[in-house]
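In case you want the letters, here they are:
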Amino acid sequence: MHEIDSKGSRYALASLGLAASLVMLLASMAANWRYGASLARSEIDGYVYSSASAASDVLMAASPFFFFAALRNRHMIQALAAALIWAATTMFALQAAISQASVNRLDAVSVRTVAANT
């Protein structure tokens, strides 16, 4: 691959990567917010579950940094904890994504059924 020699190009590419990462994190937080709200039975439960769901995305994004910092400092228990947190939050995000996809598919099927009946 080609190496980027100018500092301006490196800065621009790093800024673009950071912006793309933040947009993806915000989109994931919004999707998990909606998923958390769908689990609630009351309005206050919706805020609690939604906040926890969005916070899990922040933990998922931050835990690799803690993992590698702990490895660099040879703190194996902290590295294990960061890896476990990353695994748990990743599984939660995967389960939320599968749930959102199945709800969207169920909505599409029900709309087609109503249209076919009319």
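(A) The arrangement of the overall build of the protein in detail. Along the protein, the regular secondary structure elements total three helices and zero strands. Sequence-ordered secondary structure for the protein, helices as α and strands as β, is α-α-α. A buried classification covers 16% of the 118 residues belonging to the protein. Considering only intrachain contacts with a sequence separation of at least 6, the fraction spanning at least 24 residues in the protein is 51%. With an accessible surface of roughly 9,200 Å², the protein has 70% of that area assigned to carbon and sulfur atoms.

(B) Layout of helix α1 (residues 7-38). In this model α1 runs 46 Å from its N-terminal to its C-terminal C-alpha over 32 residues, within 8% of the 46 Å that 1.5 Å per residue would give. Along α1, the residues that are buried comprise Asn-32, Tyr-35 and Gly-36.

(C) Seen up close, unusual backbone geometry. For Arg-74, which is not glycine, the phi torsion reads 60° and is therefore positive. With respect to the element layout, Arg-74 can be found in the loop between α2 (43-72) and α3 (76-117).

(D) Local environment of α2. With 30 residues, α2 extends 44 Å from end C-alpha to end C-alpha; this agrees with the ideal 44 Å at 1.5 Å per step. At Ala-62, α2 shows its largest kink, close to 35°, and the proline Pro-64 lies no more than four residues downstream. Regarding α2, the residues found buried are Gly-46, Ser-50, Ser-53, Ala-54, Ser-56, Asp-57, Met-60, Ser-63 and Ala-70. Trailing α2 by a residue or two, Arg-74 shows a phi angle of about 60°, which is positive.

Conventions we followed
Residues numbered from 1 in each chain as written. Predicted model: local features only at pLDDT ≥ 70, side-chain atom pairs only at ≥ 80, totals over all residues. Heavy atoms only, no water. Helix = DSSP H or I, 4+ residues; strand = E, 2+ residues; numbered from the N terminus. Buried < 20%, exposed > 50% of the residue type's maximum accessible area, 1.4 Å probe, protein only. Contact = heavy atoms within 4.5 Å. Areas by Shrake-Rupley, 256 points an atom, 1.4 Å probe, with all protein chains shown as cover. Expected span 1.5 Å × (residues − 1). Bend = angle between axes of the 7 residues up to and from the residue.

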